[in-house]
Amino acid sequence: MENFKRKHDYEGLLVVIEGTDGSGKSTQLELLKRYMQDMSYGVMVSEWKTSRLIAKVIDEAKERNLLNASTYSLLYAADFADRLENQIIPALNAGFIVLLDRYYYTALARDVVRGQDIEWVKNLYEFAPEPDLVFYLDMPVDILLKRIIGTTGLDFYESGRDVGFSTDFYKSFEIYQNRCLEEYNRMKSEYGFISIDGTKSIEEIHNEMKHHVQEILDTGILD
Ligand code: ADP
């Protein structure tokens, strides 16, 4: 690759891993982080809904079933804004590789499925810098279901139970996740996702991601 151009005005590199819950994001994030650190790059990792300011409020509101579609959107956007200002931008300014588990595409998928107007959500996240790379882990819902049931179990919100698609946990998960997948599919070309088959082995997926990252690093952009 010649003449790689960043999609933002900062010194570092912004790399995002997107996908539904259980698609393998944190597994891949950890592997990429180690790979980059082994090459002596400064790496900063940040995950969706981990702001020290807001995340607890979201968890509390979820536990008490207090979130409606608008407060859901706004609180998640506030969580993101806090991490952007306090973690992501400072790290980018310092020339770090910033590795993110989910980005505003998650909000675009979930909020739209919860009935928000897409332009309203896009405007809400207008302040977010464009990432240099977005990996999307593509997973069919039936395989996702097996993986989730075998590990974390079905989460109330990740099953869209708050939206009221169905009182049946499995059915609700299926409908909600399929609707989210439709949104992600629509975003693939709009945002230039690098779509990776999430059913491949952990190593195969890692190798694909490494290849794309290495292509950019080989241009010497961070040297
Ligand atoms: P996410 O962060 O997207 O929720 P995780 O990385 O936590 O997903 O993975 C969910 C589960 O699936 C974990 O138990 C993980 O070990 C397993 N897993 C991750 N990637 C793969 C893969 N490619 N093949 C099979 N299992 C995987």
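Shown above is the structure to which this text applies.
Residues numbered from 1 in each chain as written. Predicted model: local features only at pLDDT ≥ 70, side-chain atom pairs only at ≥ 80, totals over all residues. Heavy atoms only, no water.

1. Structural notes on the nonpolar core
Soluble globular proteins: nonpolar side chains tend toward being buried together.
In step 1: If you look at the biggest cluster of nonpolar residues, it comprises 46 residues, and the most contacted ones within it are Ile88, Tyr103, Tyr105 and Tyr125.
In step 2: Only β1 (13-19), α2 (55-63), α3 (69-93), β3 (97-101), α4 (104-113), β4 (133-138), α6 (141-150) and α7 (169-190) provide two or more residues apiece to this core.
In step 3: A total of nine residues in this core trace back to one element, the largest contributor, which is α3.
In step 4: With sequence-adjacent residues up to four places away left out, Tyr125 is seen in contact with Trp48, Ser73, Tyr76, Ala77, Phe80, Tyr104 and Ala107.
In step 5: Counting 23 residues, the second largest nonpolar core, distinct from the first, contains Val15, Ile97, Leu217 and Leu222. (Core = buried A, V, L, I, M, F, W, Y, C linked by side-chain atoms within 4.5 Å. Buried < 20%, exposed > 50% of the residue type's maximum accessible area, 1.4 Å probe, protein only. Helix = DSSP H or I, 4+ residues; strand = E, 2+ residues; numbered from the N terminus. Contact = heavy atoms within 4.5 Å.)

2. As for α4
In step 1: Counted residue by residue, α4 has 10 buried out of 10 residues, so it is predominantly covered.
In step 2: Looking at α4, one finds that the buried residues are Tyr104, Tyr105, Thr106, Ala107, Leu108, Ala109, Arg110, Asp111, Val112 and Val113.
In step 3: Contacts from the buried residues of α4 go to β1, α3, α5 (118-124), β4 and α7.
In step 4: Residue Gly115 follows α4 closely and has a positive phi angle near 100°.

3. Topic: the sheet that holds strand β5 (residues 194-197)
In step 1: The parallel open sheet is built from five strands, whose spatial order is β2-β3-β1-β4-β5. Of all strands in the sheet, those bounded by a partner on one side alone are β2 (43-47) and β5. Ignoring which end each strand starts from, the neighbouring axes of this sheet average 20° apart.
In step 2: Across five bridges, β1 lies against β3 in parallel orientation. Paired with Val15 across the bridge in β3 is Leu99.
In step 3: Against the sheet, α3 contacts β1, β2 and β3, and its axis sits at roughly 160° relative to β2.
In step 4: Across the sheet, helix α8 (residues 202-217) is in contact with β1, β3, β4 and β5; its angle to β4 comes to roughly 170°. (Pairing = 2+ DSSP bridges. Axes fitted to C-alpha atoms, helices over the stretch in contact; angles between N-to-C directions.)

4. A word on the site of the ligand
In step 1: Neighbouring the ligand are 15 residues, the closest being Gly22, Lys25, Ser26, Thr27 and Lys200.
In step 2: With respect to the ligand, the backbone of Gly22 contributes an N or O atom lying 2.7 Å from an oxygen atom.
In step 3: The contact in question runs from a nitrogen atom of the ligand to an N or O atom on the side chain of Arg147, over 3.2 Å.
In step 4: For the shell around the ligand, the secondary structure elements donating two or more residues are α1 (25-38) and α8.
In step 5: No other element matches the three residues that α1 contributes to the shell around the ligand.
In step 6: Class assignment of the residues belonging to the shell around the ligand gives a composition of two nonpolar, nine polar and four charged. (Near = heavy atom within 4 Å. Polar contact = N/O pair within 3.5 Å; in protein donor to acceptor, adjacent residues only side chain to side chain. Nonpolar A, V, L, I, M, F, W, Y, C, P; charged D, E, K, R; others polar.)

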